[in-house]
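Remarks on the overall topology
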Amino acid sequence: RRPEGVGMLTEVQFLEVLEALHAGTRFRLQEAFPGVVFKCPQFTNVWGTPRIGAGTQVGAFVEIGDGVVIGRDCRIGAHAFLCPGVVLGDGVFVGPHACFTNDRHPPSPRSEWENIVVEAGAVIGARAVILPGVTVGEKAVVGAGAVVTRAVPAGETWCGMPARRLRTSYCQLCDAGVSHSHP
């Protein structure tokens, strides 16, 4: 038997608690990162001192580690994991469930962790895994599910496990050698 006043929350009380939690989390993240949109702030884990550029959108259940640098106008899909040492340039797209890992031989001391750099305008597909020490070049594309073990040159598309070059450009006109400009 429960003592008087102790028991389950009513549905209305539960929703009020959730709303208060959501409002508080949203306020704290927006205060810390002005101009950044957190789609579901109460389910986003931002720890340490990352830097996130204005105009960036962060999906639900994203993990952003200490020292991560995210440029302006990036999009980070739900469930992505950005470990310490990740640097994303402006306009980078990171698909859902993408995973960046900084530790080549876990668990190793932090002094052995390696950075990962994704240059401006690059696209990282859903569930791609980017291993330590890798640089993904400007406007490069990493396909869904790829495991990237070495540098991806600018403008190239890489797919597979391990990732290999699929094509040298995401633009058919570039591939055909037609002179033109990109917006």
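Here, every reference points to the structure presented above.
So, a few notes on the structure that sits alongside this text. Keep in mind that what you see is a predicted model, and the values were worked out from it rather than measured.

This brings us to the side chain of serine 108. Among the structural elements, serine 108 can be located in the loop between strand E11 (99-100) and strand E12 (116-118). A polar contact of 2.4 Å, which involves the side chain of serine 108, links it to the side chain of aspartate 103. Residues within four places of serine 108 in sequence aside, it is in contact with Asp103 and Trp113.

So, on to the sheet that holds strand E6 (residues 69-70). If you trace the 5 strands from one edge of the open sheet to the other, you get E3-E6-E9-E12-E15, paired in parallel fashion. At either margin of the open sheet sits one strand with a lone partner, and together these are strand E3 (51-52) and strand E15 (135-136). Alignment of strand E9 (residues 86-88) against E12, held across 3 bridges, turns out to be parallel. Within E12, the residue paired with valine 86 across the bridge is isoleucine 116.

Formed by 36 residues in total, the largest nonpolar core has its most connected members in Leu88, Phe100 and Ile124. Every element with two or more residues in this core is listed here: E9 and E12.

Our focus in this paragraph is the side chain of asparagine 102. Secondary-structure assignment places asparagine 102 in the loop between E11 and E12. With a relative accessible area of 6%, asparagine 102 lands in the buried category. A polar contact is formed between the side chain of asparagine 102 and the backbone oxygen of proline 84, at a distance of 2.8 Å. Leave out the neighbours within four places in its chain, and asparagine 102 touches Cys83, Pro84, Trp113, Glu114 and Pro132.

The amide bond that connects proline 106 to the next residue, proline 107, takes the cis arrangement and shows omega of -15°. Structurally, proline 107 can be placed in the loop between E11 and E12. Cis rather than trans, the peptide bond between methionine 161 and proline 162 has omega equal to 0°. Its location among the elements puts proline 162 in the loop between strand E18 (157-159) and strand E19 (164-167). Phi is positive for histidine 97, which is not a glycine, with a value near 65°. For histidine 97, the location among the structural elements is in the loop between strand E10 (93-94) and E11. Given a relative accessible area of 33%, histidine 97 falls into the partly exposed group. Of note, lysine 139 is a non-glycine position whose phi angle comes to about 60°, a positive value. Residue lysine 139 is classed as partly exposed on the basis of its relative accessible area, which comes to 30%.

What follows deals with the packing of aromatic side chains. How two aromatic rings sit relative to each other is given by the distance of their centres and the angle of their planes. Under the counting rule described, the total for this entry stands at 2 aromatic pairs. Centre to centre, the rings of phenylalanine 33 and phenylalanine 38 are 6.0 Å apart; their planes meet at 55°, and the pair counts as tilted. Each of the two residues, phenylalanine 33 as well as phenylalanine 38, counts as buried. Residues phenylalanine 43 and phenylalanine 61 carry aromatic rings whose centres are separated by 5.0 Å and whose planes lie at 20° to one another, so their mutual orientation is stacked. Taken together, the residues phenylalanine 43 in the loop between strand E1 (37-38) and strand E2 (45-46) and phenylalanine 61 in the loop between strand E4 (57-58) and strand E5 (63-64) connect sequence positions 18 residues apart. On the basis of relative accessible area, phenylalanine 43 is assigned to the partly exposed category, the value being 41%. Judged by relative accessible area, which is 44%, phenylalanine 61 ranks as partly exposed.

Conventions adopted
- Residues numbered from 1 in each chain as written.
- Predicted model: local features only at pLDDT ≥ 70, side-chain atom pairs only at ≥ 80, totals over all residues.
- Heavy atoms only, no water.
- Helix = DSSP H or I, 4+ residues; strand = E, 2+ residues; numbered from the N terminus.
- Polar contact = N/O pair within 3.5 Å; in protein donor to acceptor, adjacent residues only side chain to side chain.
- Contact = heavy atoms within 4.5 Å.
- Pairing = 2+ DSSP bridges.
- Core = buried A, V, L, I, M, F, W, Y, C linked by side-chain atoms within 4.5 Å.
- Buried < 20%, exposed > 50% of the residue type's maximum accessible area, 1.4 Å probe, protein only.
- Phe/Tyr/Trp six-rings, centres within 6.5 Å; stacked < 30°, edge-to-face > 60°.

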